[in-house]
Amino acid sequence: MYSASDKKTPLQYGSAVSGGPAIFKEILVVYTETFAPAQRGFILSNATSIGSQPPEARPVAVRHGASLARILGNYDTLVSTEAPMNSSPDSTSRREFIKTGAAISALANVAIPAVHAAGSDLIQIALVGCGGRGGGAAANALSVKRGPVKLVAMADLFPERLAGDLNKLQRQFQSQVDVPPDRQFLGFDAYKKAMDCLKPGDVVIFATPPAFRWVHFTYAIQKGLNVFMEKPLTADGPTSQRMFALGQQASAKNLKVGVGLMSRHSRALQELADRVHNGEVGEIILQRGYRMHGPGGYFLSLPKPAGISDLLYQIKRFHSFVWASGGCFNDFYIHLIDQLGWMKNEWPVKAQALGGRHYKVSSEGIAYVDQNFDNYSVEYTYADGSKFFFDGRCMNGCEEIYTSCLHGTKGMAIASKSGDCGAPSSLYKGQTANAGNLLWESKVNPDETDPYQNEWNDLIDAISDDKPYNEVKRGVEASLVSSMGRMAAHTGREITFNQMLNCEHDMAPGIEKFTVDSPAPLLADANGRYPLPQPGIITAREY
Ligand SMILES: NC(=O)c1ccc[n+]([C@@H]2O[C@H](COP(=O)([O-])OP(=O)(O)OC[C@H]3O[C@@H](n4cnc5c(N)ncnc54)[C@H](O)[C@@H]3O)[C@@H](O)[C@H]2O)c1
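In short, a report on the structure. Since this is a predicted model, take the numbers as computed values, not measurements.

## Considering the packing of helix α12 (residues 327-344) against helix α14 (residues 472-491)
Then, in step 1: Taken N-terminus to C-terminus, the directions of α12 and α14 make an angle of 120°; their axes are 8 Å apart at the nearest point. One element, α12, and the other, α14, form an angle in the oblique class. Classified by chirality, the crossing of α14 by α12 is right-handed. On α14, the residues touching Gly327, Phe329, Asn330, Tyr333, Ile334, Ile337, Asp338 and Gly341 of α12 are Ala478, Ser479, Val481, Ser482, Ser483, Gly485 and Arg486.
Then, in step 2: When its residues are assigned to classes, the contact of α12 with α14 shows six nonpolar, seven polar and two charged.

Shown next, in the form of structure tokens:
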């Protein structure tokens, strides 16, 4: 069981992108594929406006000057420390889903073919969750420096998602993709069948909505598989406790586990972290993170259309529903929260926050039914009383800022210049990021500018060299700190790290037994609306 005393950890892992426009665009293209067609415009326009500029021409990150006078809050000692860190078409009908799923699964049930050659160095990969990031992660896996690596099995809930990723990967990687129909699996138990195709020591990728992470991880550990799992890892307290325990079990079995917080593998951020930890900005007294742009991903959802169950609708549009993903807060904001915790070398102990729903009616006058606030403004407090202010907003027509930075007693640093971990990172004397104050700017080897690729090279190196590698603990902690900020906004109450960890609201009970006929964790009212956060009114849980 995880306790507060485990929380303060040397966050020594990982490091980022000095990538120029091409890399930035590539990332955005992969990510864009996960979006509903109507929502792609936002991201693609970002790709054009940010990605097409060379990094040095992108807007200077620091534009919102939070006053240093705001930083000195109450010192509290909520946490004592010390514990080393081990370091759609949306219209797909249910009938179609069941029919196709049954056909493929029935074939698969006949026999699960052995796909590995005993004694070979080949690392086999299975992909669970064949969406935008799943396809991207599989492409990264198939592009590692060490290997050989082959994709041999895939699992999803929807046939068109699986087919989409498979076709793209086959075109790009040809003989490295060997996923015949009898190793393509659909349904809520597809993850097991895909993992059954692997041998111990192979790697399974989890890129479904986060709610399924602990279920799938449990089976991977049983099967002795190494894992790459996408962020966030959890959205609530009970699953966080479960994931901490599973992370320890994985280490006990010497399994290697990568978590998709790719900032930690940005070489620019790694060097910045070293410099910050060596005192180059002095004591950190303020951090700021901003992710503010128009509505993206599945941030907004209209009432469920006919022809799809509530459960499948909520899973498909997982950014809209807190149980499935932690909402836009966890899904969109975790990277900046994670990298600033890393720079500080500890996690905030509490949060208080504001937020609200302002534009929740479509241009046709239909009320959106997602659970997200349009904006979030969080004041995180560290154990030493220093502050981390985070602003998140999904609104069109407003100032767009997407960056992270930190201020210390000797100077300041830009962590992500633009985007989740966009290089260059930089250090300045004084508190203003201008050319005259510049002390250091990151420079990264051309073959290490993509943190998504670096995280896979690092994982496969650890597997090949049998080095300890387990990013679960810090992945759960970053998820918990995200949830803490979200819950503070949703309840209107101060939430501590420990309250979040021990909050008993299990948002998706019974998820390990879900079938296509299971009721959804959220039930709609007669107008198709789901329960919403009501700050100050619903305070013991979020909705
Ligand atoms: N690290 C990053 O920068 C980054 C970028 C994008 C997404 N992500 C993460 O990757 C995950 C997936 O996001 P996405 O954008 O690819 O979403 P997506 O909707 O494109 O893909 C998710 C896929 O999982 C499938 N799925 C859902 N439940 C499943 C289940 N129980 N079993 C099997 N398949 C299931 C869906 O049908 C879909 O194909 C999320 O956790 C997200 O936060 C990370």
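## Notes on the sheet that holds strand β2 (residues 149-156)
Then, in step 1: Across the sheet, six strands lie side by side as β3-β2-β1-β4-β5-β6; this open sheet has parallel pairing. The strands lining the two open edges of the sheet, one partner per strand, are β3 (184-186) and β6 (257-259). Going from strand to strand, the sheet's axes swing by 20° on average, the running direction of each strand aside.
Then, in step 2: Pairing analysis gives four bridges linking strand β4 (residues 203-206) to strand β5 (residues 226-229), with the strands arranged parallel.

## Some thoughts on α14
Then, in step 1: Across its 20 residues, α14 extends 28 Å between first and last C-alpha, which sits within 8% of the 28 Å expected from 1.5 Å per residue.
Then, in step 2: Along α14, 20 of the 20 residues are buried, which leaves the element largely enclosed by surrounding structure.
Then, in step 3: Positioned one or two residues after α14, Gly492 has a phi angle of 75°, which is positive.

## As for the sheet that holds strand β15 (residues 495-496)
Then, in step 1: The nine strands lie next to each other as β14-β13-β12-β11-β7-β10-β9-β8-β15, forming an open sheet whose pairing is mixed. Of all the strands in the sheet, just β14 (438-441) and β15 have a single pairing partner and so form its edges.
Then, in step 2: In terms of strand pairing, strand β8 (residues 350-356) meets β15 through two bridges, oriented antiparallel. Residue Lys350 lies in a different strand from β15, and its bridge partner there is Thr496.

## Let's talk about the nonpolar core
Then, in step 1: In this structure, Ile125, Ala126, Ala194, Val204, Ile205 and Val227 are the most contacted members of the largest nonpolar core, which totals 140 residues.
Then, in step 2: For this core, the element with the most residues is α12, which contributes ten residues.
Then, in step 3: Taken domain by domain, this core gets at least three of its residues from each of domain 1 (4-32 + 37-54 + 61-80 + 264-452 + 471-501) and domain 2 (118-262).
Then, in step 4: In contact with Val227, not counting residues within four places along its chain, are Val203, Val204, Phe206, Phe217, Ala220, Leu255 and Val257.

## Thoughts on the pairing of strand β7 (residues 284-293)
Then, in step 1: With respect to burial, β7 is a largely interior element, eight of its ten residues being buried.
Then, in step 2: Inspection of the sheet shows β7 paired to strand β11 (residues 401-408) by eight bridges, in the antiparallel sense. By the bridge assignment for β11, Ile284 is matched with Gly408.
Then, in step 3: Bridging between β7 and strand β10 (residues 387-394) involves eight bridges; their strand directions are parallel. Bridge pairing links Leu286 to Lys387 in β10.

## What about the environment of Gln248?
Then, in step 1: Inspection of the secondary structure assignment puts Gln248 in helix α8 (residues 237-252).
Then, in step 2: Taking the number of C-beta atoms within 10 Å as the measure of exposure, Gln248 has 16 and is therefore partly exposed.
Then, in step 3: With 222 residues separating them in the primary sequence, Gln248 and Asn470 have C-alpha atoms 8.8 Å apart.

Cut-off values and rules
Residues numbered from 1 in each chain as written. Predicted model: local features only at pLDDT ≥ 70, side-chain atom pairs only at ≥ 80, totals over all residues. Axes fitted to C-alpha atoms, helices over the stretch in contact; angles between N-to-C directions. Helix = DSSP H or I, 4+ residues; strand = E, 2+ residues; numbered from the N terminus. Parallel < 35°, antiparallel > 145°, perpendicular 65-115°, else oblique. Left-handed = near helix turned anticlockwise from the far one by under 90°. Contact = placed C-beta atoms within 7 Å. Nonpolar A, V, L, I, M, F, W, Y, C, P; charged D, E, K, R; others polar. Pairing = 2+ DSSP bridges. Expected span 1.5 Å × (residues − 1). Buried ≥ 20, exposed ≤ 12 C-beta atoms within 10 Å, placed from the backbone. Core = buried A, V, L, I, M, F, W, Y, C linked by C-beta atoms within 7 Å. Domains from an automatic or database assignment.

Taken by themselves, the reported measurements are silent on function.
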